[in-house]
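# What the coordinates show
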Amino acid sequence: MSETAAHPHDDVHDDHHHEEPFWKKYVFTCDHKVIGIQYGFTALLFLAFGFFLMMVMRWSIAYPDRAVPILSDWPWFQAWLDNEGRVTGDLYNMFGAMHGTIMVFLGVVPLAFGAFGNYVTPLQIGAPDMAFPRLNMASFWCFLIGGVLMFVSFFLPSGAAKAGWTNYSPLATTTDLGFSSLFWTGQTQWLLGMVFLISSSLLGSANVIATVINLRCKGMTWMRMPFFVWAMLVTAFLLLLAFPPLEVAAIMQLMDRLAGTSFFVPTGLNVGGMAFDAAGGGSPLLYQHLFWFLAHPEVYVLILPAIAIVSEILPCNTRKPLWGYKSMVYAVMALGFLAFIVWAHHMYMTGMGPAISTFFQATTVLISVPSVILITSLLISMWGGSIRFNPAMLFATAFIPMFGIGGLTGLPLAFNLTDLHLHDTYYVIGHFHYVVAPGTIFGLFAGIYHWFPKHTGRQMSSFLGHLHFWPSLICMNGIFAPMFLQGMQGFHRRAFDGGAAYEQISSRILAEDGTFVATIFQKLNFVAEGANVMMIDLNQVTSTFAWLLAVFQVPFVINLFMSAYTGKKVTSDNPWDATTIEWATPTPPPHGNFTEEPVAYRGPYEYSVPGADKDFSPQFEKGEDGDDSPDTEESEKSVSAKSDH
């Protein structure tokens, strides 16, 4: 059959295709690729803003007795500082609450799931678009509205939310009561913003599930899907099932603030020395359950897209199949299930009984098993490979030990005996950020470097990529590794002065004068000559590395924008010699993605196949061993056979 006869719709499509106006093509677009880019750039802006909030907090922690440089001279910022230009406890609480909210809900999740999930998933399964394009557009605009509400709340008279990124009741319910309109307070706008953000995630997750189930191309059986698609599918189910309880909680807390209900307001609550005017009878613990039933699956919403990206980059740059593909698929499904039965390990401090705490201790330890399977498979995939260390591969390989450190340091927190001592200390901050910062964010950087040529037709600068990676790796560890030491010494995460007001903490010695460590600190002017190094002096170290990390993101920003116009042009649609179907599209992919109907003839990771004339056998090239009959048992076994090789 001729190509024209096989695809009679092509000419019709060409005859009726016309150039859309700018506002419809790039603003109110239904194209999954443009929506993915919208998510990506918006999320990067929010990540930069969240990083700015953190840098101000780090100044307060390192130098609580000094005015904030530069910002203390800005009139609009001075209203938040004290009379001497220093960070106050209220400002620290506000920036801390919004840093966590912005980085998780407005930064990492939209970049990981919204950007990469939207852009790459349909391409990898051979789909022309998402199943519900207009729903996809609505998802982005709900996200943007939620983000704008949270950003604008900084400029309200009350300032932004300041009851922590968890927004626990009754503290969050009774905050900012002194203002004439509770609606126009940061705490209320935080709740409204969360309703929009959660609605965005629900729309997006339902769309991804429908797309993967219904729009896979011919030959794309379940076990021929790239692991990236499997991880995005599980992530979508996590969002779809875990977010509704938090949306309900946000609406209930809104009612508590604005309508006088008492869903989370207990009887006999005293606020400012007076009885709180509410019926009472509510349960603050109910809010915690609803929040953490979302927030722990949210951890895997953060990490699974990064693992998905790394699982695409490693085989491509080692020229080897992904080891244990089926084991990874089953592991990610098990992880998705277990993610829903571990949430209460965040609540050991609530007086949980031994029976319930034992259950959640067991499930928390159990969930490490599928995580270890995933990481082990990635490690073995590199063994014996012909590795090319481009910037994408550097970030992907660094992701593995960084995520490993984050996971291992989480094990002590699984047990209520140790968690009672470590809860809300810097140890928890170090653990979580090793998972999300040098873990997830490194994976996302790897994805940007890897798929950038497909979107732009140009390569990002390798030199600037290395200049971005190596200092970032050093700075990430310089920020978070010392936090484990401080956390075990009792440094609390919510102390805006870094613990200086607590003598038992501030007087603890890290290294005595004359030791190697003390000499280094003295040479770097972190402590005076002849002085001991105290545990609290690590605050200056972590803060310095945080500010340096900001500096070394400049090469990435330059690389991202400069390479789009002046980067080296790719010479083919498949510059990495990869095997998955997204590399069969023109560069950049047009509206509808593919110029002809794609077919998956084999598994997604056919590298270095014995007897093949090249070291990669793409899914979309039939070849001698191609099989487009997905109903046969043999085709379902193709991936595992190659993985065994």
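Residues numbered from 1 in each chain as written. Predicted model: local features only at pLDDT ≥ 70, side-chain atom pairs only at ≥ 80, totals over all residues. Heavy atoms only, no water.

## Notes on the overall build of the protein
What counts, and what does not: By the criteria applied, helices consist of DSSP H or I runs no shorter than four residues and strands consist of E runs no shorter than two, each listed in order from the N terminus. Atoms counted for the radius of gyration: C-alpha only. Globule rule: 2.2 Å times residue count to the power 0.38. Exposure classes here rest on a 1.4 Å probe applied to the protein chains alone. A residue is buried below 20% of its type maximum, exposed above 50%, and partly exposed in between. Under the convention used here, a 1.4 Å probe and the Shrake-Rupley method define accessible areas, while residue burial counts only the protein chains that appear. Only four residue types enter the tally: Lys and Arg on the positive side, Asp and Glu on the negative side; His and the chain ends are excluded. Where a charge lies is defined by one atom per residue type, namely NZ (Lys), CZ (Arg), CG (Asp) and CD (Glu).
Along the backbone of the protein there are 23 helices and 4 strands. The C-alpha radius of gyration computed for the protein amounts to 26 Å, which stays within 12% of the reference 26 Å derived for 645 residues, consistent with globular compactness. The C-alpha extent of the protein, read off along each of the three principal axes, is 85 × 65 × 55 Å. Taken over 645 residues, the protein has a buried fraction of 56%. Accessible area for the protein stands at about 26700 Å²; split by element, carbon and sulfur atoms hold 66% of it. Side chains of the protein give 29 positive and 46 negative charges; the mean places of these two sets differ by 3 Å.

## Concerning unusual backbone geometry
The omega torsion of the bond from Ser-169 to Pro-170 falls at 5 degrees, within 30 degrees of zero and hence cis. As for its position among the elements, Pro-170 is in the loop between α7 (133-152) and α8 (186-214). For the bond from Thr-587 to Pro-588, the omega torsion is -10 degrees, close enough to zero to count as cis. Structurally, Pro-588 can be placed in the loop between α21 (554-566) and α22 (633-636). One non-glycine residue with positive phi stands out, namely Asp-424, at about 65 degrees. Note on placement: Asp-424 falls in the loop between α15 (416-422) and α16 (426-456). Under the relative-accessibility criterion, Asp-424 is labelled buried at 18%. Here the phi dihedral of Asn-593 falls at roughly 75 degrees; this positive angle occurs in a residue that is not glycine.

## Considerations on the pattern of salt bridges
Defined as follows: Any carboxyl oxygen of Asp or Glu that lies within 4 Å of a side-chain nitrogen of Lys or Arg is treated as forming a salt bridge with it.
On inspection of all chains with the given rule, the structure shows 8 salt bridges. For Arg-319, the salt bridge is made with Asp-615, and the minimal N-O distance between the two is 3.1 Å. Placement of Arg-319 in the loop between α10 (284-318) and α11 (325-338) and of Asp-615 in the loop between α21 and α22 is noted, with a sequence separation of 296 residues between them. Among the charged side chains, a network of salt bridges with common partners joins Asp-82, Glu-84 and Arg-86.

## A closer look at the state of the cysteines
Threshold: By convention in this document, the label disulfide applies to cysteine sulfur atom pairs within 2.5 Å.
Per the stated rule, a full pass over the model turns up 0 disulfides. Note on Cys-30: no disulfide assigned, nearest cysteine sulfur contributed by Cys-142 at a separation of 14 Å.

## Examining the packing of helix α6 (residues 89-124) against α7
We apply this condition: As a rule, the C-alpha atoms of each element are fitted with a line to give its axis, helices using only the stretch in contact, and angles between N-to-C directions run from 0 to 180 degrees. Roughly parallel means an angle under 35 degrees; roughly antiparallel, over 145; roughly perpendicular, 65 to 115; everything else is oblique. A clockwise turn of the near helix away from the far one marks a right-handed crossing, whereas an anticlockwise turn of less than a right angle marks a left-handed crossing. In this analysis, two residues are considered to be in contact whenever any of their non-hydrogen atoms come within 4.5 Å of each other.
Interhelical geometry of α6 versus α7 gives an angle of 165 degrees and a closest axis separation of 12 Å. What the angle tells us is that α6 and α7 run roughly antiparallel. Here α6 and α7 pass one another in a crossing that is left-handed. Note on element contacts: α7 touches α6 through Asn-136, Phe-143, Gly-147 and Met-150, opposite Met-98, Thr-101, Phe-105, Leu-106, Pro-110 and Asn-118.

## Looking at the nonpolar core
How we decide: Only buried residues count toward a nonpolar core. Its members are Ala, Val, Leu, Ile, Met, Phe, Trp, Tyr and Cys residues joined through side-chain atoms within 4.5 Å.
Counting 191 residues, the largest nonpolar core has Phe-95, Phe-116 and Phe-227 as its most contacted members. Aside from chain neighbours lying at most four places away, what touches Phe-116 is Leu-111, Thr-121, Phe-228, Met-232, Ile-309, Leu-444, Gly-447, Ile-448 and Trp-451.

## Concerning the confidence of the model for the protein
Quick reminder of the rule: What pLDDT expresses is the predictor's confidence in each residue, scored from 0 to 100.
Per-residue confidence for the protein gives a mean pLDDT of 92; residues scoring 70 or more make up 94%. Across residues 1-17, where pLDDT falls below 50, the model places 7 contacts with residues more than four positions away in sequence or in other chains. The low-confidence segment residues 631-645 (pLDDT under 50) makes 29 contacts with residues lying over four places distant or belonging to another chain.

## Notes on α11
Basically, it comes down to this: Helix span, as expected, comes to 1.5 Å for every residue beyond the first.
Taking 1.5 Å per residue as the helical rise, α11 with its 14 residues ought to reach 20 Å, and the 20 Å between its terminal C-alpha atoms agrees with that figure. Listed as buried for α11 are Tyr-325, Met-328, Val-329, Ala-331, Val-332, Leu-335, Gly-336 and Leu-338.

## Here we look at helix α17 (residues 462-488)
Compared with an ideal rise of 1.5 Å per residue, which puts 27 residues at 39 Å, α17 spans 40 Å between its outermost C-alpha atoms and is within 8% of the ideal. Immediately downstream of α17, the backbone of Gly-490 shows phi near 100 degrees, a positive value.

## Some points on the environment of Pro-471
In this fold, Pro-471 is placed in helix α17. Sequence separation between Pro-471 and Phe-552 is 81 residues; the distance between their C-alpha atoms is 6.5 Å. The residues contacting Pro-471, other than those within four sequence positions of it, are His-466 and Phe-552.

## Observations concerning the packing of α6 against α8
A packed helix pair is summarised by two numbers, namely the angle formed by the two axes and the spacing between the axes. Definition in use: Residue classes follow a fixed rule: Ala, Val, Leu, Ile, Met, Phe, Trp, Tyr, Cys and Pro count as nonpolar, while Asp, Glu, Lys and Arg count as charged, and any other residue, Gly among them, counts as polar.
Between α6 and α8, the shortest axis-to-axis distance is 11 Å and the interhelical angle comes to 20 degrees. One finds that α6 runs roughly parallel with respect to α8. Taken as a pair, α6 and α8 cross one another with a handedness that is left-handed. Residues Met-98, Thr-101, Phe-105, Leu-106, Phe-113 and Thr-121 of α6 form the contact with α8, whose own contacting residues are Trp-190, Met-194, Leu-197, Gly-204, Ser-205, Val-208 and Val-212. A class-by-class count of the residues in the contact of α6 with α8 yields 9 nonpolar, 4 polar and no charged.

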